[in-house]
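# Chains, contacts and geometry: an overview
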Amino acid sequence: MDSSDSSHNTEPPHPQELLCQALAEIVGEENVLLKEPLAKHTTFKVGGPAALFVIPSGINQTQAILDLLSEQGAPSFILGRGSDLVVSDEGFPGVVVDLSQQLTDVSVEGTELVAQAGVSLIDASEMAAALSLSGLEFACGIPGTIGGAIYMNAGAYEGCIADVLKTATVRFADGTVHTLTNEELNFGYRMSKVRAEKLCVLSATFELTTAPFEKIRAKMEDYTRRREEKQPLDLPSAGSVFKRPPGYFAGKLIGDAGLSGFRIGGIQVSEKHNGFIVNVGGGTASEVLAVVKHVQAEVRKQFGVELEPEIQFLGSF
Ligand SMILES: Cc1cc2nc3c(=O)[nH]c(=O)nc-3n(C[C@H](O)[C@H](O)[C@H](O)COP(=O)(O)OP(=O)(O)OC[C@H]3O[C@@H](n4cnc5c(N)ncnc54)[C@H](O)[C@@H]3O)c2cc1C
C-alpha cells in the first residue's frame, strides 16, 4: 500500500494546511497559492515567496478572508500592484491578500467614479478622461491600485488623491466596515488614516468635474512626456524612494552627494533620476536596503538632511 495513504497518516494536519483549506473554501483552490514568489507581484522584481497567497474575488470574499485571518491571528498583508514595495529576500511568512486581480469593478454615475480597491489608478484616470471627467489626470502614470493610492495619498505634479476623493469604504481591524469622508481620512503628505491605522480600503468614490476631453488628454500627455523624459521607466523600480524632505528635493540632494549611479550588486541609484533606485538585473531586496542606507548616511553626513523612505518594506530585513 502507498505509504502516503492518508488513512495511515496519524500526524495532525499542520496549522498552515488547515488555514490553506479554510481559505480555499472561501475563494476556491485555484485562488490560494503556496510559496508564491512575490518578486512576480512587485514592480521592483525583488523578494522571496509568501507562505500563502490568496486572490479574493469581490468584497464579500475579501471580508471573509480578513475575518478568518483575524480569528486565526495569522499575519497578513494587503497587496495592490506592489509598486511601492520591497519584499524581503526571505519572503513573507504569512498570508498575502492580493486585491489587484479581481477587485476591479468600476462605474461612473454623473461626475462620480466609484471603484473597488484593486482598480488600477491608470485605468481609472483613462476611464475618467474618456468620459470628459477631470481630476484624475495626475494619476495617469502612477502604476498602483486605488487602495494603495489612498493608503499613501499618492500624488504627482499638481494633484493627489486627497484632492478628488469623496469617500472610501474601509474595513477596521475589528472587522467593522465604515464609509469615511475625505476629511475623516486625515490625508497628509504621503499619509492617511488608512496608513496610520492599518485599515483595508475596499472601495472608493471620487468626485470629478466635467471638462473638454482635449484639455484633459493634453494634460495627461504632458505628464506622460515629462515622466518619460525624466524617469527610468524602462527598469524595475518602486518609483521615488524617499519622501520630499522639507525645503529640499531628494533627487537633487542625492545627486549633489555624488551618488548618481551608485551601485551595490544589481541595485543602482538611477542616473536618469537620482530619486529612483532601479534594479539593473538580478538585484535583491537586501541590496535595495543597502543602497537606501548608504544614500541616507551620505546625505546625512554631507548635508545634515534626513531622508525618509517613501517605499514600504515587507518581511524581515
Ligand atoms: C515607475 C513608478 C512611478 C511612480 N510614480 C509615483 C508618483 O508619481 N506618485 C506617487 O505617489 N507614487 C508613485 N509611485 C509609487 C506607487 O505607484 C504608489 O505609491 C501607489 O499608490 C502604490 O499602490 P500599489 O497598489 O502598488 O500598492 P502596493 O505597493 O501594493 O502597497 C503599498 C502599501 O499600500 C497598502 N495597500 C495596498 N492596497 C491597499 C488597500 N486596499 N487597503 C489598505 N492598504 C493597501 C499595502 O499594504 C502597502 O503597505 C510610482 C511607482 C513606480 C514604480
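The rules behind the values
- Residues numbered from 1 in each chain as written.
- Predicted model: local features only at pLDDT ≥ 70, side-chain atom pairs only at ≥ 80, totals over all residues.
- Near = placed C-beta within 6 Å.
- Helix = DSSP H or I, 4+ residues; strand = E, 2+ residues; numbered from the N terminus.
- Nonpolar A, V, L, I, M, F, W, Y, C, P; charged D, E, K, R; others polar.
- Pairing = 2+ DSSP bridges.
- Axes fitted to C-alpha atoms, helices over the stretch in contact; angles between N-to-C directions.
- Contact = placed C-beta atoms within 7 Å.

Close to the ligand lie 32 residues, the nearest being Gly-80, Gly-144, Gly-147, Gly-148 and Gly-239. The greatest single-element share of the shell around the ligand, amounting to four residues, is contributed by helix α4 (residues 146–151). Of the residues contributing to the shell around the ligand, the split by class is 18 nonpolar, 12 polar and two charged.

The next subject is the sheet that holds strand β2 (residues 49–54). Strand pairing in a sheet takes place through backbone hydrogen bonds and is either antiparallel or parallel in direction. Pairing in this open sheet of four strands is mixed, and the strands run β1-β2-β5-β3 from one edge to the other. Each edge of the sheet is formed by a strand with only one pairing partner; in this case those strands are β1 (32–37) and β3 (76–79). Pairs of neighbouring strands in the sheet enclose a mean axial angle of 35°, with direction left out of account. Summarising the sheet, β2 and strand β5 (residues 92–98) pair through four bridges and their orientation is parallel. Across the sheet, residue Ala-50 finds its bridge partner in β5, namely Phe-92. Along the sheet face, helix α1 (residues 15–27) touches β1 and β2 and points at about 30° away from the line of β2.

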